[in-house]
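Each chain, letter by letter, is given below.
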Amino acid sequence: MCKTISEYVQSCHECQSRKVSNLKTKAKIEAYPTPSEPFQVWQMNIFGPLVSSNNANTYVFTAVDAFSYFLFAVPLRNNDAISVSQAIFIFFCNFGVCSTVISDQGLEFIGKCTTEVCKMLNVEQEFTPSMMHHCLGRCERTHRTLVERLTPYVLDNKQWEDMLSGIVFSINSCVNSGPKYSAFEIIYGKRQNFPLSPSYIVDFKDIPKDVKTYVENLDARLNIIREFVKLNTLVAQRKMVQTENKNAHELDLTVGDNVYLSREPVGQGRKFQHIYDGPFTVTCLPSAHLFLLKDPTGKRNFRRPVHMNRLKLAHIRVPLPTPYFNLQTDENESSSSKSDNGSSSVDNTENSKSVSNVLTEMKPWIQTWFLNMILQI
Ligand SMILES: [Zn+2]
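Residues numbered from 1 in each chain as written. Predicted model: local features only at pLDDT ≥ 70, side-chain atom pairs only at ≥ 80, totals over all residues.

Quick look at the nonpolar core
Soluble, globular proteins show a tendency: their nonpolar side chains are buried together.
Phase 1: By size, the foremost hydrophobic cluster in this structure holds 39 residues, and its most contacted members are Trp42, Val60, Phe61, Leu71, Ala73 and Ala87.
Phase 2: Contributions of two or more residues to this core are made by strand S1 (41-47), strand S2 (59-65), strand S3 (71-76), helix H3 (81-95), strand S4 (100-103), helix H6 (137-155), helix H7 (160-173) and helix H8 (183-188).
Phase 3: If near-sequence neighbours (up to four positions away) are discounted, Ala87 is found in contact with Phe61, Val74 and Leu76.
Phase 4: In this structure, Tyr260, Leu261, Phe280 and Ile316 belong to the second largest nonpolar core, which totals 13 residues. (Core = buried A, V, L, I, M, F, W, Y, C linked by C-beta atoms within 7 Å. Buried ≥ 20, exposed ≤ 12 C-beta atoms within 10 Å, placed from the backbone. Helix = DSSP H or I, 4+ residues; strand = E, 2+ residues; numbered from the N terminus. Contact = placed C-beta atoms within 7 Å.)

What follows is the structure, given as structure tokens:
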């Protein structure tokens, strides 16, 4: 009886779709493998919206190199597919064609405009699962720095667009904690000069005599820097993975399990909206952290898999063993089953209907006696 009651309460659809669990699902993270050299893999994202600049720009297209953390930024008027694909074209003209670009599943990146540009240039596109911002870590971290450095200008009603190039230069000049080198040094093999940089006395003995020697020296320097970058990045990634995975709480899901999917309520009264949709059924496991879902009601069509962090196990209301309870719930079944999303059993509804028919045919005093008998049992 106690078990039945606790399972009944636990399987309440309203509670499961609104209440926040103390133990949120958190999959173990895996570090993205570091590419072997700069400009092979880029993460792309859109930063904004910001206040409109003099050129009516409100967004910034950002691309961060996965090897060197080099940042490229272009102001945009809109974040629509055409504006973004134009920015991507400018980006390729600056840095050449790369092997892979990683972005979220925003319409501007999955749209035909962008996919065709990438296809034409033989660039592979990879997409992070929806609402999983941590998968675009390099871009997200850079956006945080951009916000910090742009805020004083935006609050002072200064033109943020005028400052953008300077801020991008400063980001590229700073030593990153992961590779322990600045992006500039990893790319060019030397530190950049500033107006206040000390002027060195040139020793002509150290100047290479020809271009070949210069290139050889540069190559040796770059090799040393990049080997250190690979090593430092690996150490930083291991440390980050260890720290993050201490609080991991994974779900052990298999095909056929029922889950609730978190959603981000929007608009007025969002505090009173459900924060989970579902329950949905797991139909496929494309990778350790991704799950393809199916809506048993057929209302929602899942084309792309969702990340484990957005899921929680659904407790589905099992058919009650005692016909008496089914009789009581039968009247509310038609209305509550809609909200319970098919969690009640069809077999049991039929069962309780037959009991209900028998009882309604009885006289009232026999009904009372019959119900008391059941209760005593
Ligand atoms: Zn409830």
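Considerations on H6
Phase 1: With 19 residues, H6 ought to run about 27 Å at 1.5 Å a step, and its terminal C-alpha atoms sit 27 Å apart, in line with that.
Phase 2: Of all the bends in H6, the greatest reaches close to 35 degrees and is centred on Arg149; the proline Pro152 follows between one and four positions later.
Phase 3: Those residues of H6 that fall on the buried side of the exposure criterion are Arg138, Cys139, Thr142 and Leu146.
Phase 4: On its buried face, H6 is in contact with S1, S2, S3 and H7. (Expected span 1.5 Å × (residues − 1). Bend = angle between axes of the 7 residues up to and from the residue.)

Points about the sheet that holds strand S9 (residues 306-307)
Phase 1: Taken in spatial order, the five strands line up as S9-S8-S7-S6-S10 in an open sheet, and their pairing is antiparallel. With one partner strand each, in any of the chains shown, S9 and strand S10 (311-313) form the two edges of the open sheet.
Phase 2: Here three bridges tie strand S6 (residues 258-262) to S10, and the two strands are oriented antiparallel to one another. When the sheet's bridge partners are listed, Tyr260 is paired in S10 with Lys312. (Pairing = 2+ DSSP bridges.)

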